[in-house]
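Given next are the chains, with one letter for each unit.
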Protein chains: 2
Amino acid sequence: MNKYSVKKLSQLAGVSVRTLHLYDKMDLLKPSVRTGAGYRLYGEKELLRLQQILFYRELDFPLKEICDILDDPAFDLMQALEEHKVALLARKERINTLIGTIEKTLVTLKNNTMLQAADLYEGLPVEKVAECRTAAMSKWGKDMILEVEDTLRALGSQEMAAMQTELNNITNRLTTLIGDPQHEKVQQCIARRYEIITRLTGGKIAPGKLEYFRTLGELYAADKPDVTADGLPSRQMAVFISEATAYYHKNTRH
Amino acid sequence: MNKYSVKKLSQLAGVSVRTLHLYDKMDLLKPSVRTGAGYRLYGEKELLRLQQILFYRELDFPLKEICDILDDPAFDLMQALEEHKVALLARKERINTLIGTIEKTLVTLKNNTMLQAADLYEGLPVEKVAECRTAAMSKWGKDMILEVEDTLRALGSQEMAAMQTELNNITNRLTTLIGDPQHEKVQQCIARRYEIITRLTGGKIAPGKLEYFRTLGELYAADKPDVTADGLPSRQMAVFISEATAYYHKNTRH
DNA sequence: TATAGGGTATGACCTAAGGTAAGAGTCAAG
DNA sequence: CTTGACTCTTACCTTAGGTCATACCCTATA
């Protein structure tokens, strides 16, 4: 029966000495014997056990649970594996969402077409703007449109930029929270969003104002089907926000 | 300009007060001002910044990196996002591998048909065993087969079980390491595996012995196409092991 | 004016799985 | 007998906070 020192065993198994010390202290892998000087010596059985430990560790099982797997005879390994698999699937799903979010953010960054605040119509094709204004005036009335433009200009470019940046942030954050419109954090974002939009539109949201904002936004995003009016990354997102907002208004007294 | 206390801001943003303390200490989010009593007060700009922080945090960016993103004007956000995406893709790939490993392990557990060590042929259809033995004897000689059987029996059921468990472990571990046959840890496993097989076959691996082991294994695994001779979870795994073993023998002097 | 309740600040200890280092003891070879 | 390699224990560091403990601050009410 040959014995392995910590170093030999660590090299054999490809782990650090520290790891063996740790496993010893947490009763996951004890040496078969200690020399008079306190040196740890491991036998074949321990090497065997270490192999098992490393297998489960590689699967991202926490060491405590590995301890149970190996020591508790009543432990249901198959069930543990099934559950672990479910947990891994959830992690994978979350990562997929994150990757999607990043991709959308990159798209938004690449063709950053948010309203640039300083000059309302700068950068837009002149004839399209004119067409849009005319259409909007005949739809919601000339005064409404002028009021919107005044409100925007009155804010000053700094505050305007700040608010739009924050709207941007909130939309980004909502992207990460997509799912349950009634979720607490979602509702917090919606409340904040509502407040900003209210201020953007000069104190109250009259019919027509928001729509005109949207129409302007659509002009900017005309050739990017993936980025909707107010910077929303997708139709799914728009639906989500409108659901969350509906719930918000239903449960809030202004 | 309204100011938020820690609690108000924490409720507004859906984080804990502790989190705000932490972000303060690590210079990620400082209050805009402190009262005479040392109370933290945050303004709109800070709320804005917190929204950004939470967005990147949700994407699993470490807080230190968020600090850079927000404070370093030279920071290349797009590149950071691209890199982060790559990292997330790698994590996802790893999780996929883990899920695959678990599934294979579950298959192996469900129809646990590894050699049961104590009684060599127990549990096998008698006529198949006879047929197999006869074929093997005519192929590699009667003496060889008898020698194999003697070797196995001579080991005693305990050691036999131990070694097979360890072989099992090693195969499991190799499953998690699949990829580069020359990788250090792979080669450690292969060395260990070689040692055990050598002992299992009575000191030397003569042509025929291993093949007979395999044939026996195939009997056990006959109706499970996914589990090959010696418990390998797949053909891919078999190829991987044989490559790694070839490299091992080429670089080792026995 | 005193007190009760709630908000706040700081500091300390805890999590998982070790990395890294310090200081001291052990072992085998020259 | 010394040197170098090995080993021991102890302790501090990492992430992103959670959870006390203790003490201070503020305000409303009796």
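No experiment lies behind these values; they were computed from the predicted model shown.

**Student:** Could you clarify how one ought to interpret the relation of the copies chain A and chain B in this entry?
**Tutor:** In this arrangement, two copies of a chain are superimposed by a rotation about an axis accompanied by a shift along the axis. Each copy of the sequence occupies a distinct position, and chain A is placed on chain B by a rotation of 180 degrees and an axial shift of 0.0 Å, giving an RMSD of 0.3 Å. Expressed as a symmetry operation, the mapping of one chain copy onto the other fits a two-fold axis. Among all residues of chain A, the minimum C-alpha distance to the rotation axis is found for Lys92 of chain A, at 2.9 Å. Of the interface residues in chain A, 100% have counterparts in chain B that sit at the interface too, so the contact is made through matching surfaces.

**Student:** Which parts of the structure should I look at to understand the confidence of the model for chain A?
**Tutor:** Averaged over all residues, the pLDDT of chain A is 72; the fraction at 70 or higher stands at 57%. Within the model, the stretch residues 214-233 of chain A combines pLDDT values under 50 with 39 contacts to residues more than four positions away or in other chains.

**Student:** Explain the protein's contact with DNA strand C here, please?
**Tutor:** If you check the shell around DNA strand C, you find 20 residues, and the closest are Ser16 and Arg18 of chain A together with Lys7, Tyr39 and Arg40 of chain B. Restricting attention to atoms of DNA strand C within 4 Å of the protein, one finds that 70% of them are sugar or phosphate atoms. In terms of residues, the surface near DNA strand C owes the most to one element, helix H2 (residues 17-25) of chain A, which gives four residues. Looking at the surface near DNA strand C, its residues break down into eight nonpolar, five polar and seven charged.

**Student:** Help me understand the interface of chain A and chain B in this model?
**Tutor:** Taken together, the contact between chain A and chain B spans 48 residues of the former and 48 residues of the latter. Summed over both partners, the interface of chain A with chain B buries about 4800 Å², with 65% contributed by carbon and sulfur atoms. Interface area lost by chain A to chain B is led by Phe55, Ile102 and Arg173 of chain A, which between them contribute 13%. The tally of links from chain A across to chain B stands at four salt bridges. In this structure, the connection of chain A to chain B is made through eight residue pairs in polar contact (both at pLDDT 80 or more). Mapped by element, the contributors of at least two residues to the side of chain A that touches chain B are helix H1 (6-13), helix H3 (44-58), helix H5 (77-110), helix H8 (157-177) and helix H9 (184-200) of chain A. Considering each element in turn, the side of chain A that touches chain B owes the most residues, 22 residues, to H5 of chain A.

**Student:** Explain the protein's contact with DNA strand D to me, please; I cannot follow it from the model alone.
**Tutor:** Close to DNA strand D lie 20 residues, the nearest being His21 and Arg40 of chain A together with Ser16, Arg18 and Lys64 of chain B. Counted by atom, the contact set of DNA strand D within 4 Å of the protein is 76% sugar and phosphate. Within the side chain of Arg34 of chain A, a nitrogen or oxygen atom sits 3.4 Å from a phosphate oxygen of DNA strand D. Ser16 of chain B is positioned such that a nitrogen or oxygen atom in its side chain is 2.7 Å from a phosphate oxygen of DNA strand D. Every element with two or more residues in the surface near DNA strand D is listed here: H1 and H2 of chain A together with helix H2 (17-25) and helix H4 (63-71) of chain B. The element best represented in the surface near DNA strand D is H2 of chain B, accounting for four residues.

Conventions adopted
- Residues numbered from 1 in each chain as written.
- Chains lettered and ligands numbered in written order.
- Predicted model: local features only at pLDDT ≥ 70, side-chain atom pairs only at ≥ 80, totals over all residues.
- Heavy atoms only, no water.
- Least-squares fit on C-alpha atoms with pLDDT ≥ 70 in both.
- Contact = heavy atoms within 4.5 Å.
- pLDDT = per-residue confidence, 0-100.
- Near = heavy atom within 4 Å.
- Helix = DSSP H or I, 4+ residues; strand = E, 2+ residues; numbered from the N terminus.
- Nonpolar A, V, L, I, M, F, W, Y, C, P; charged D, E, K, R; others polar.
- Buried area = accessible area lost by both parts, 1.4 Å probe.
- Salt bridge = Lys/Arg side-chain N within 4 Å of Asp/Glu carboxyl O.
- Polar contact = N/O pair within 3.5 Å; in protein donor to acceptor, adjacent residues only side chain to side chain.

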